[in-house]
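Examining the three-dimensional arrangement
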Amino acid sequence: ATPAATMVGSTLSATNGVLFKGGDVLEQVRGIDTIVFDKTGTLTHGEMVLTDVELVGERAATDGGTDATPDGGVLEPPSSGEDALESFVLGAAASAESGSEHPIARAIVEGADDRGVEIGGVSEFENVPGQGVRAKTDRGTVLIGRRKLLEDSGIDTGPAEGPLTRLEREGKTAMPVAIDGELQGVLAVADEVRESARETAAALLERGSEVVMLTGDNERTARAVAEQVGIDPDNVRAEVLPEDKADHVEELQAGGARVMMVGDGVNDAPALTTAQVGVAIGSGTDVAIESADVTLMRDDPADVLKAVRISEATISKVR
Ligand code: ADP
Ligand code: MG
């Protein structure tokens, strides 16, 4: 791009809430034919709310468990009462999640708080990116996240499959919870699709672009959200690990696509860099914004369309 194009582009961008990192970006945006959206925090608000707490496994059916005799600072599960058991599981999960900044973690902590469930301390905490968390809490060692996280520790998530599947079909993100190596329950969080996501996808499709969803979330949840947004189920790439997001972009590019990746998270950063154009949601993580060529200051997916129109208008005006 010429210096003039750069100038016109930045001027326009300032008034439109779309920030371009230099004039070359305008040219790149113009050639884009495939727009890849991250789900959580990009197509959705990323403000998750805890919606469900369900007991699974032996505790759900029986009043099994030991008496409440705190031993060595570790709280034992209550011996009976469904509410008390739910509170125990939620409290354990929230304690574990108190060490994480993930939107899911915040929803669980807030949900516990709202329900008057006490959140305890964490002595050891491990964030497993794109999978969940593992933490030593005052209620035992907690594992919460994707099925795989528990399975990899030798915990059978089979008994949780019923509630997990049902909640995922509702478009919720459902997670099994294990305490001290035993499956105990399922938590679910839900997130609202951003108002303009649907009309933006429709306008991009109208323009002749491919619209793709790339998410670490479960296939069923992803498809339920894609349906709400109007994205073709065949264009949903779900259960993608953070380190693999960039590979999916590369794969599309190898097939000849010119890709714009839109994301907000730390896990989107490599994909934002790999794509011809990386677009960050303004309220997203610093890493995403640093990795992106364009930042949407208003967090509005509709501004993706605006970026495309600005680039088209600017380039044709200057030439
Ligand atoms: P996305 O790509 O949709 O932004 P992530 O890659 O951050 O999602 O996470 C993928 C999946 O890993 C989540 O849907 C969830 O099942 C699990 N997960 C990630 N972080 C956490 C956490 N802090 N607690 C529980 N589960 C988590
Ligand atoms: Mg995200």
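Read on for an overview of the structure. Everything quoted here is computed from the prediction, not taken from an experiment.

Procedures and definitions
Residues numbered from 1 in each chain as written. Chains lettered and ligands numbered in written order. Predicted model: local features only at pLDDT ≥ 70, side-chain atom pairs only at ≥ 80, totals over all residues. Heavy atoms only, no water. Helix = DSSP H or I, 4+ residues; strand = E, 2+ residues; numbered from the N terminus. Buried < 20%, exposed > 50% of the residue type's maximum accessible area, 1.4 Å probe, protein only. Contact = heavy atoms within 4.5 Å. Areas by Shrake-Rupley, 256 points an atom, 1.4 Å probe, with all protein chains shown as cover. Donors = N, O, S within 2.8 Å, 3.2 Å for Na, K, Ca; no water. Salt bridge = Lys/Arg side-chain N within 4 Å of Asp/Glu carboxyl O.

A word on the overall build of the protein chain. Of regular secondary structure, the protein chain possesses 14 helices and 13 strands. Taken across its 319 residues, the protein chain has 51% of its residues classed as buried. When contacts within the protein chain are restricted to residue pairs at least 6 apart in sequence, those whose partners lie at least 24 apart make up 60%. When the accessible surface of the protein chain is split by element, carbon and sulfur atoms take 48% of a total near 14000 Å².

As a further point, take the coordination of the magnesium ion (ligand 2). The coordination sphere of the magnesium ion (ligand 2), as far as protein atoms go, consists of D38 (OD), T40 (O) and D264 (OD), spread over 2.1 to 2.3 Å. Sequence spacing of the donors to the magnesium ion (ligand 2): D-x1-T-x223-D. For D38, a relative accessible area of 4% puts it in the buried group.

Let us look at unusual backbone geometry. The phi torsion at E239 lies on the positive side, around 55 degrees, for a residue other than glycine. You can see E239 is positioned in the loop between β10 (236-237) and α11 (245-254). A relative accessible area of 36% means that E239 is categorised as partly exposed. You will see that D299, though not glycine, has its phi angle at about 60 degrees, which is positive.

All chains considered together, the criterion is met by 19 salt bridges. Of the charged contacts, one joins E161 and R147 as a salt bridge, the two residues approaching to 2.9 Å between their closest N and O atoms. One end of the pair, E161, is in helix α8 (residues 161-169); the other, R147, is in helix α7 (residues 147-151), and 14 residues separate them in sequence. R223 is the partner of E219 in a salt bridge, and the nearest nitrogen-oxygen pair spans 3.0 Å. Here E219 pairs with R223, and both are found in helix α10 (residues 219-229), just four residues apart, close to one helical turn. Among the residues examined, E219 registers a relative accessible area of 29% and is labelled partly exposed. With a relative accessible area of 39%, R223 lands in the partly exposed category. Through salt bridges with shared partners, one network takes in R147, E161, E168 and R220.

No statement about biological role is implied by the geometric values presented.
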